[in-house]
Amino acid sequence: MRKRGTTSAMIAQSFKDRLARLLPDTLRAYLAGRTEAYRTFVGPEGSYDLAAASQFNLLTMLGLREHQYVLDIGCGGLRAGRLLICYLQPGRYFGMDPERWLVEAAIDKELGRELVRRKRPVFDHNADFRLSVFKQRFDYLLAYSIFSHATQTQISACLHEAREVMHPGSCFVATFKVGAENYTGDAWIYPGHATYTLDRIKELARAAGLACEPIDWPFRYFENQQIWVVLTVLK
């Protein structure tokens, strides 16, 4: 059972998120930068640095090198992005998130405009998982705590798009929240979570032409435990 305090906090955060969406992106980015809302919007308080390090370490453990191309799906407050942008050569980091203000606030607070000018990360803000807009094939793709909020239709769209921008040696790592039931709703859930069985995620992956296998890597949130999977192009 969820504690009352946790539920109240989620309701309050949801209200603040809806209210924030009424503001222009530039004002939202300014306010988010002053309050560090760009950090708490994308995960539990105190988890920003752990989540960033976990993602970066996983990718480098799997073989990521500085000259390769990375697509960060749902890059949000640039948790992993702030590390990847510094590590990768210029023009190698690509991020997608519909919340433009999150990205702008994180750039101002975590990276600075001068670093962005030198590293030349590329961003897109469509909400439909149209990964092909970048016209680039990627060596590594990352979707951290995205499928844990997404519908089956959205996950399917993301996987099909991912297949189109992957080559035979590409590696796509993603997390999802495991549950006994598969979410059957038709709306993105936030700040709540959608659950899926591993078998269902594998079915969606196979339909998109991808193999899917779980990987033993910790998910660095305090309460919201998810598992990692690695997706590769089916031979």
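Reading the values: rules and limits
- The written sequence of each chain sets the order in which its residues are numbered from 1.
- The predicted nature of this model means local features are confined to residues of pLDDT at least 70 and side-chain atom pairs, given and counted, to a pLDDT of 80 or more, with totals for whole chains, interfaces and linings taken over all residues.
- Side-chain numbers come from the whole structure's heavy atoms, not from hydrogens or water.
- Residue types Ala, Val, Leu, Ile, Met, Phe, Trp, Tyr and Cys, when buried and joined through side-chain atoms within 4.5 Å, form a set referred to as a nonpolar core.
- Only protein chains enter the accessibility calculation, which uses a 1.4 Å probe; a residue whose area is less than 20% of its type maximum is buried, one above 50% is exposed, and one in between is partly exposed.
- Strands here are runs of E lasting at least two residues and helices are runs of H or I lasting at least four, both read from the DSSP assignment and numbered beginning at the N terminus.
- It only takes one pair of heavy atoms within 4.5 Å for two residues to be counted as in contact.
- As a rule, the C-alpha atoms of each element are fitted with a line to give its axis, helices using only the stretch in contact, and angles between N-to-C directions run from 0 to 180 degrees.
- Throughout, the term roughly parallel applies to angles under 35 degrees, roughly antiparallel to angles over 145, roughly perpendicular to angles from 65 to 115, and oblique to all others.
- Rotating anticlockwise by less than a right angle from the far helix to the near helix defines a left-handed crossing, while the corresponding clockwise rotation defines a right-handed one.
- Any Lys or Arg side-chain nitrogen located within 4 Å of an Asp or Glu carboxyl oxygen qualifies as a salt bridge.
- In this scheme Phe, Tyr and Trp rings, the latter by its six-membered ring, pair at centre separations within 6.5 Å, and the angle between planes marks the pair as stacked below 30 degrees, edge-to-face above 60, and tilted otherwise.
- Strand pairing is assigned whenever DSSP identifies at least 2 bridges connecting the two strands.
- In this analysis, the expected span of each helix is defined as 1.5 Å times one less than the number of residues it contains.
- pLDDT expresses how confident the predictor is about each individual residue, on a scale running from 0 to 100.

### Looking at the nonpolar core
Next up, step 1: I73, L141, F147, L159, F172 and L231 are the most contacted members of the largest nonpolar core, which totals 35 residues.
Next up, step 2: Taken together, the elements giving at least two residues each to this core come down to β1 (70–73), β2 (93–96), β4 (138–143), α8 (152–164), β5 (166–178), α9 (198–207), β7 (210–215) and β8 (227–233).
Next up, step 3: Look past the residues within four positions of I73 in its chain and what remains in contact with it is M96, F129, L131, L141, L142, A143, Y144, I146, C158 and F172.
Next up, step 4: Counting 27 residues, the second-largest nonpolar core is a separate cluster that includes L59, A80, L84 and V116.

### Describing the packing of α8 against α9
When two helices pack together, you describe them by how their axes are tilted relative to each other and by the distance separating the axes.
Next up, step 1: Across the interface, α8 lies against α9 with an axial gap of 9 Å and an inter-helix angle of 45°. By the criterion of interaxial angle, the relationship of α8 to α9 is oblique. Where α8 crosses over α9, the two elements pack in a sense that is right-handed. Side by side, α8 and α9 meet where Q152, I155, S156, L159 and H160 of the first sit next to R200, I201, L204, A205 and A207 of the second.

### What about the pattern of salt bridges?
Next up, step 1: Applying the stated criterion to the full structure yields eight salt bridges.
Next up, step 2: In this structure, E114 engages R117 in a salt bridge whose closest nitrogen and oxygen atoms are separated by 3.0 Å. Placement of both E114 and R117 in helix α7 (residues 113–119) is noted, with a separation of three residues, approximately one turn of the helix.
Next up, step 3: By relative accessible area, which is 44% here, E114 ends up partly exposed.
Next up, step 4: Its relative accessible area of 56% is what places R117 among the exposed residues.
Next up, step 5: For R130, the salt bridge goes to D128, with nearest N and O atoms at 3.7 Å.

### With respect to the packing of aromatic side chains
Aromatic ring pairs are defined here through the distance separating the ring centres and the angle between the ring planes.
Next up, step 1: Scanning the entire structure with this criterion turns up eight aromatic pairs.
Next up, step 2: Judged by centre distance (6.5 Å) and plane angle (70°), the ring pair of F147 and F172 falls under edge-to-face. Note that F147 is positioned in the loop between β4 and α8 and F172 in strand β5, a separation of 25 residues in sequence. Taken individually, F147 and F172 each receive the classification buried, so the pair is uniform in this respect.
Next up, step 3: Three or more aromatic residues joined by ring pairs make a cluster, and in this case those are Y69, F94, F134 and F138.

### Considerations on the pairing of β4
Next up, step 1: The buried fraction of β4 amounts to six of the six residues, a majority that puts the element mostly inside the structure.
Next up, step 2: Across four bridges, β1 lies against β4 in parallel orientation. By the bridge assignment for β4, D72 is matched with L142.

### A look at helix α6 (residues 100–111)
Next up, step 1: Helix length check: α6, at twelve residues, gives a terminal C-alpha distance of 16 Å against a target of 16 Å (1.5 Å per residue), a fit within 8%.
Next up, step 2: Those residues of α6 not exposed but buried are W101, L102, V103, A105, A106, I107, E110 and L111.
Next up, step 3: Note on α6: the residue one or two positions beyond its end, G112, has a positive phi of about 95°.

### Overview of unusual backbone geometry
If a residue is not glycine, its phi is most likely negative; likewise, a peptide bond is most likely trans.
Next up, step 1: Of note, the amide linkage connecting Y190 to P191 takes the cis form, showing an omega dihedral of 15°.
Next up, step 2: If you check the backbone angles, R120 has positive phi at about 50° while not being a glycine.
Next up, step 3: With respect to the helices and strands, R120 occurs in the loop between α7 and β3 (122–124).
Next up, step 4: Residue R120 is classed as partly exposed on the basis of its relative accessible area, which comes to 48%.
Next up, step 5: The backbone of S145 sits at a positive phi, close to 55°, despite the residue not being glycine.
Next up, step 6: Positionally, S145 belongs in the loop between β4 and α8.
Next up, step 7: On the accessibility criterion, S145 (7% relative accessible area) is buried.

### Some points on the confidence of the model for the chain
Next up, step 1: A residue-level look at the chain finds 77% of positions with pLDDT of 70 or above and a mean pLDDT of 85.
Next up, step 2: Below a pLDDT of 50 lies the segment residues 1–16, which in the model reaches five contacts outside its immediate sequence neighbourhood of four places, other chains included.
Next up, step 3: Contacts from residues 26–35, a stretch scored under 50 in pLDDT, to residues over four places away or in other chains number 16 contacts.

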